Amino acid sequence: MDQYYLLGSPVAHSLSPAMMHAAFSALGIDAAYGLIDTNMLPLKEAVARLRSEAKGWNVTMPDKNSMALLCDELSTASMIGGSVNTVLSRDGRLIGHTTDGTGLIDALARSGVSIRGGVMTLLGTGGAASAILIQCALDGASEIHVFANRPASKARVLAIKEKLSPHTETAIAVHGYEDPEELKAALAKSRVLVQATNVGMEGTAQEGSCLIPDPSFLPRDLFVYDIIYHPEETPLLEMARRAGCRTENGRSMLLMQGAASFRIWTGRDMPVELVYEKVFS
Ligand code: NAP
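Okay, so let's go over this structure.

The rules behind these values
- Residues numbered from 1 in each chain as written.
- Predicted model: local features only at pLDDT ≥ 70, side-chain atom pairs only at ≥ 80, totals over all residues.
- Heavy atoms only, no water.
- Pairing = 2+ DSSP bridges.
- Helix = DSSP H or I, 4+ residues; strand = E, 2+ residues; numbered from the N terminus.
- Contact = heavy atoms within 4.5 Å.
- Axes fitted to C-alpha atoms, helices over the stretch in contact; angles between N-to-C directions.
- Right-handed = clockwise from strand over helix to strand, strands pointing away.
- Core = buried A, V, L, I, M, F, W, Y, C linked by side-chain atoms within 4.5 Å.
- Buried < 20%, exposed > 50% of the residue type's maximum accessible area, 1.4 Å probe, protein only.
- Domains from an automatic or database assignment.

## Focus on the sheet that holds strand S1 (residues 2–8)
Turning to step 1, where the next piece is worked out: With mixed pairing, six strands are arranged side by side in an open sheet as S2-S1-S3-S5-S6-S4. The outermost strands of the open sheet, each flanked by one partner alone, are strand S2 (31–37) and strand S4 (73–74).
Turning to step 2, where the next piece is worked out: Note: strand S5 (residues 86–90) against strand S6 (residues 93–97), five bridges, orientation antiparallel. Within the sheet, the bridge partner assigned to arginine 90 lies in S6 and is arginine 93.
Turning to step 3, where the next piece is worked out: Where helix H2 (residues 43–53) meets the sheet, its contacts fall on S1, S2, strand S3 (56–59), S5 and S6, and the angle it forms with S1 comes to roughly 165°.
Turning to step 4, where the next piece is worked out: In this fold helix H10 (residues 251–266) packs onto S1, S2, S3, S5 and S6, with an angle of close to 5° to the strand it touches most, S5.

## What about the pairing of S2?
Turning to step 1, where the next piece is worked out: Here S1 runs beside S2; their pairing, made up of seven bridges, is parallel. The partner of tyrosine 5 across the bridge, within S2, is glycine 34.
Turning to step 2, where the next piece is worked out: Regarding topology, helix H1 (residues 16–27) serves as the crossover connection from S1 to the parallel S2, and that connection is right-handed.

## Quick look at the nonpolar core
Turning to step 1, where the next piece is worked out: Membership of the largest hydrophobic core comes to 55 residues, with the highest contact counts inside it found for Leu122, Ile132, Ile144, Val194 and Tyr225.
Turning to step 2, where the next piece is worked out: Looking at this core element by element, the count peaks at seven residues for H10.
Turning to step 3, where the next piece is worked out: When we break this core down by domain, the ones giving at least three residues each are domain 1 (2–98 + 253–280) and domain 2 (101–249).
Turning to step 4, where the next piece is worked out: Beyond its immediate sequence surroundings of up to four residues, isoleucine 132 is in contact with Gly101, Leu104, Met120, Leu122, Val194, Ala196, Ile227 and Met253.
Turning to step 5, where the next piece is worked out: By size, the runner-up hydrophobic cluster in this structure holds 17 residues, among which are Leu123, Leu187, Phe217 and Leu237.

Here it is as structure tokens:
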């Protein structure tokens, strides 16, 4: 039986085991997907054990950056972002990938939206936002307008922009939130808005909040994607729906980043609609 794992902490409530087991079972693949809490077994020790034992693993917070340092080879996106969420162990050689950005792009494609040649506004500069920025630039967005919360976050994006420059023609502009007109102007020319901050997340101090001041910022033809999926409809998605925009929450990104890991490990396409039905319905 092939062994796969999720490493990180906490991992107990992850939906990944349900997603992977549904896919293995649907395709008749003899495999199991387990959880390793790196608070109990530190990342380095876990990796030493899994190197020969497992075919691959996912990595979640807080270990994505540390995992990148333990790999023998990295995908371009992982190298630029210094982050790994999917490891393929090929004869003990560890190849690191990041599928969060691919997950977002595939989730948009599932809704019939392509980022290639289009303008995008991206809210956030953290782990998920960086992965999205990198992959959207590698996949040929024409312009990406990134909105950063703090000067240190702006600097982080500028460092990524520098590393991306040999790999892409995408124009990347970094803004703050101080002047709402900058946000309005970026949204007016964007095909897609991706919300990749914690703002609006259930169970946090930011629950009920929204970074878009009012519906006049949201043109009707803008596709609005919020990578948060608790709650199902964030205040941003509610505002966007009322403004007449098409919207989607982060469930599909979660699904599609898992599907991308699954493809890296097995070479097969995850039956995503069946898995979505089983895990989210
Ligand atoms: P992270 O690395 O901690 O980044 C959080 C980001 O939110 C930072 O850019 C932070 O900016 C920004 N932020 C926080 N409060 C803000 C505010 N009041 N105004 C403006 N920006 C603010 O977290 P992450 O891993 O990227 O995750 C972000 C969210 O995405 C979480 O809710 C997570 O659950 C969700 N997520 C979803 C998926 C999926 O598959 N759907 C995958 C990964 C993450 P500063 O650092 O400058 O304050």
